[in-house]
Amino acid sequence: MNEGLYEHATQVWKKLGFTDFSAYADFMFNMAYGEWAAYGFVSHEEAAQYLRYLQELRRAEDDAVEIVRPPHLRTNDTQEMLPLIQTTAA
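In what follows, the accompanying structure is described. (Residues numbered from 1 in each chain as written. Predicted model: local features only at pLDDT ≥ 70, side-chain atom pairs only at ≥ 80, totals over all residues. Heavy atoms only, no water.)

1. What about the packing of helix 2 (residues 21-32) against helix 3 (residues 44-59)?
Put simply, the rule is: Every axis corresponds to a line fitted to the C-alpha atoms, with the helix fit spanning only the stretch in contact, and the corresponding angles, defined between N-to-C directions, vary from 0 to 180 degrees. Helix and strand assignments follow DSSP, with helices taken as H or I runs no shorter than four residues and strands as E runs no shorter than two, numbered in order from the N terminus. Working definition: roughly parallel below 35 degrees, roughly antiparallel above 145 degrees, roughly perpendicular at 65 to 115 degrees, and oblique for all remaining angles. Should the near helix be turned anticlockwise from the far one by less than a right angle, the crossing is termed left-handed; should it be turned clockwise, right-handed. Here, residues are in contact when the closest pair of their heavy atoms is within 4.5 Å. Under the scheme applied here, ten amino acids are nonpolar (Ala, Val, Leu, Ile, Met, Phe, Trp, Tyr, Cys and Pro), four are charged (Asp, Glu, Lys and Arg), and all others, including Gly, are polar.
Relative to each other, helix 2 and helix 3 sit at 130 degrees, their axes nearing to 11 Å. One element, helix 2, and the other, helix 3, form an angle in the oblique class. The two elements helix 2 and helix 3 meet at a crossing, and its hand is left-handed. Contacts between helix 2 and helix 3 pair F27, M28 and M31 from the former with A47, Y50, L51 and L54 from the latter. A per-class count over the contact of helix 2 with helix 3 returns seven nonpolar, no polar and no charged.

And the structure:
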C-alpha cells in the first residue's frame, strides 16, 4: 500500500465514524468492488461521488474539507424527539 495513503487512512477512519481501522479497510475494499448498497448508498452514482469526496479529503489541507460520514454511519442529530404518548387500557 502507498505509504501516504496508509498514513491518511490511519488518521481519517475514526473521523469518518468507523469503530476500528479494520472496518474502514473493509469498507474501502468493498466499495472498490462495487458493494455500495450494503453501506446505504442508493445508487452507484452516489457511491462514486462519495469515493470522489474521499479523494478530495485526502488531498485537502487539514480541516479544509468538512467530514462527511458514509450513509451507514450517519446519525440524524437534528431530528427532534417525538413525545411519548402514554396510553392506559380502560
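Text resumes after the structure shown.
2. Observations concerning the nonpolar core
We count it as follows: Put simply, buried Ala, Val, Leu, Ile, Met, Phe, Trp, Tyr and Cys residues joined by side-chain atoms within 4.5 Å make one nonpolar core. For each residue, the accessible area found with a 1.4 Å probe, counting protein chains only, is set against the maximum for its type, and the residue is called buried under 20%, exposed over 50%, and partly exposed in between.
In terms of nonpolar packing, the biggest core is built from 17 residues, with L16 and F27 touching the most fellow members. Per-element accounting of this core gives the leading share, five residues, to helix 3. Those residues in contact with L16 that sit more than four places away from it in its chain are Y24, Y50, L54, L57, I67, V68, R69, P70 and L73.

3. Observations regarding the layout of surface pockets
The cut-off we apply is this: Think of a 1 Å grid over just the protein atoms. A cavity is a set of points where a 1.4 Å probe fits yet cannot get out, a pocket is an open set with protein on both sides within 12 Å along at least five of seven lines, and lining residues have an atom within 4 Å of a point. Grid points are joined across faces, edges and corners, and a volume is the space filled by probe spheres set on the points.
Here the largest pocket defines a volume of roughly 420 Å³. What lines the largest pocket is a set of 16 residues, and nearest its centre among them are L5, Y24, M28, L51 and L54. Mapped by element, the contributors of at least two residues to the lining of the largest pocket are helix 1 (3-12), helix 2 and helix 3. When residues in the lining of the largest pocket are grouped by element, the largest group, seven residues, is from helix 2. Grouping the amino acids of the lining of the largest pocket by side-chain chemistry returns 12 nonpolar, two polar and two charged.

4. Re the packing of aromatic side chains
Which entries qualify depends on this criterion: Each aromatic pair joins two rings of Phe, Tyr and Trp (for Trp, the six-membered one) with centres within 6.5 Å, and gets the label stacked for planes under 30 degrees apart, edge-to-face for over 60, and tilted for any other angle.
If you walk through the whole model with that rule in mind, you get eight aromatic pairs. Here F27 and Y50 contribute two aromatic rings whose centre-to-centre distance is 6.3 Å and whose plane-to-plane angle is 80 degrees, an arrangement assigned as edge-to-face. Residue F27 is found in helix 2, and its partner Y50 is found in helix 3; the two are separated by 23 residues along the sequence. There is no split in this pair, since F27 and Y50 are both buried.

5. Describing the side chain of H8
The residue H8 is located in helix 1 in this model. Not counting the four nearest positions on each side in its chain, H8 is found in contact with L57 and R58.

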